[in-house]
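Fold and geometry: a report
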Amino acid sequence: MERHPLNLTVNGKPYAVETEFRKTLADTLREDCGLTGTHVGCEHGVCGACTVVVEGKAVRSCLMFAHQAEGMEIETVESLEKEGELHVLQEAFAEHHALQCGFCTPGFLMLVKGAVERGEELSDAELRHLLSSNLCRCTGYQNIIRAVRAAIDTFKEKASAVPEAAR
Ligand code: FES
Ligand code: FES
C-alpha cells in the first residue's frame, strides 16, 4: 500500500511520518509515532478507548483518518504526565480506584481533560452524560464519576492557588 508524507504535532512535538491514506489516526499514533498509550478497542466508534484531543476537542481516533489530521495539534494520554508529575486526573483515578484493567482509562482521561482543565461546573446528569460516550467493562463507573469530580475540584484549587502574576 502506498504511503504518503504526513505532518502532525503530537503532545507539542512535530512528527513527520509516511502513512497510507486509509490508515486511522489511532493506528498512526500507535504504529508510526510509537505512542501506544492510545488504546484501540472496538475500532468502530463505540467504546471510546481510542479518544484523543484534536485541536482542543475529544475525538475518537479510530474514526478519523490520520491524513485528516494533517498539520493539526493532537494530545494523547502521554501528554498528561509532566516531568514525572502526574496530572490531577491521573492522581484522582488512582486515588478513587477508577480503573481496574486500565484498558479504557486513556480514553476516559482524554475525554474529560478539557472539562477538568476548564473547571466546568457539571451537574451529576451532565457528568454522567459526558462519561456515557465511553465504555468500561470493569469499574461500574461510580469510581470514575468520583475521580472526575475530585479532579475538577483539585484543578480549580490548584489554579486559584497560583498567584495572579504567574498565570
Ligand atoms: S476503538 Fe475507537 S471508539 Fe472503540
Ligand atoms: S478498567 Fe477495565 S475496561 Fe475500564
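Going by the annotation in an unreviewed UniProt entry, the name recorded for the protein chain is (2Fe-2S)-binding protein, with Pseudohoeflea coraliihabitans given as the source organism.

**Description of the pattern of salt bridges**
Oppositely charged side chains can pair when the atoms bearing their charge come close. On inspection of all chains with the given rule, the structure shows 8 salt bridges. Between Lys113 and Glu117 there is a salt bridge, with its nearest N and O atoms 3.2 Å apart. Residue Lys113 and its partner Glu117 are located together in helix H3 (residues 105–117), separated by 4 residues, close to a single helical turn. The exposure class of Lys113 is buried, given its relative accessible area of 10%. Exposure remark for Glu117: the relative accessible area of 34% places this residue in the partly exposed category. Glu121 is paired through a salt bridge with Lys156; the nearest N and O atoms lie 2.8 Å apart. Highlighted residues: Glu121 in the loop between H3 and helix H4 (124–131) and Lys156 in helix H5 (residues 142–161), separated in sequence by 35 residues. The exposed category is assigned to Glu121, whose relative accessible area is 65%. Residue classification places Lys156 among the partly exposed positions, given a relative accessible area of 29%.

**Re H3**
One full turn of an α-helix is made of 3.6 residues, so residues set three or four places apart face in the same direction. Compared with the 18 Å implied by 1.5 Å per residue over 13 residues, the 17 Å span of H3 between its first and last C-alpha is a close match. The principal kink in H3, of about 35°, is found at Leu111. Counting buried positions along H3 gives 11 out of 13 residues, so the element sits mostly inside the fold. Along H3, the positions that sit buried rather than exposed are Thr105, Pro106, Gly107, Phe108, Leu109, Met110, Leu111, Val112, Lys113, Ala115 and Val116. Of the surrounding elements, those touching the buried residues of H3 are strand S3 (51–54), strand S4 (57–60), strand S5 (73–75), helix H2 (88–95), H4 and H5. At the C-terminal side of H3, Gly119 shows a positive phi close to 60°.

**A closer look at the nonpolar core**
In this structure, Phe93, Val116, Leu131, Ile144 and Val148 are the most contacted members of the largest nonpolar core, which totals 27 residues. Elements with a contribution of two residues or more to this core: H2, H3, H4 and H5. With near-sequence residues (within four places) excluded, Val116 lies in contact with His87, Val88, Leu89, Val148, Ala151, Ile152 and Phe155. Core analysis: the next-biggest nonpolar cluster, separate from the first, contains 15 residues, Leu8, Leu29, Met64 and Ala66 among them.

**Some words on the domain arrangement of the protein chain**
As assigned here, the protein chain comprises domain 1 (4–76) and domain 2 (88–166). For domain 1 and domain 2, the distance between their C-alpha centres works out to 22 Å. When domain 1 packs against domain 2, close to 980 Å² is buried across both sides, 58% of that on carbon and sulfur atoms. Three residues stand out in domain 1 for area buried against domain 2, namely His39, Cys47 and Thr51, and they jointly supply 36% of the buried area on that side. Our count for the contact surface shared by domain 1 and domain 2 stands at 1 salt bridge. Between Lys113 and Glu75 there is a salt bridge; the shortest N-O distance is 2.7 Å. Here domain 1 is connected to domain 2 by 5 residue pairs in polar contact (both at pLDDT 80 or more).

About the thresholds
Residues numbered from 1 in each chain as written. Chains lettered and ligands numbered in written order. Predicted model: local features only at pLDDT ≥ 70, side-chain atom pairs only at ≥ 80, totals over all residues. Heavy atoms only, no water. Salt bridge = Lys/Arg side-chain N within 4 Å of Asp/Glu carboxyl O. Helix = DSSP H or I, 4+ residues; strand = E, 2+ residues; numbered from the N terminus. Buried < 20%, exposed > 50% of the residue type's maximum accessible area, 1.4 Å probe, protein only. Expected span 1.5 Å × (residues − 1). Bend = angle between axes of the 7 residues up to and from the residue. Contact = heavy atoms within 4.5 Å. Core = buried A, V, L, I, M, F, W, Y, C linked by side-chain atoms within 4.5 Å. Domains from an automatic or database assignment. Buried area = accessible area lost by both parts, 1.4 Å probe. Polar contact = N/O pair within 3.5 Å; in protein donor to acceptor, adjacent residues only side chain to side chain.

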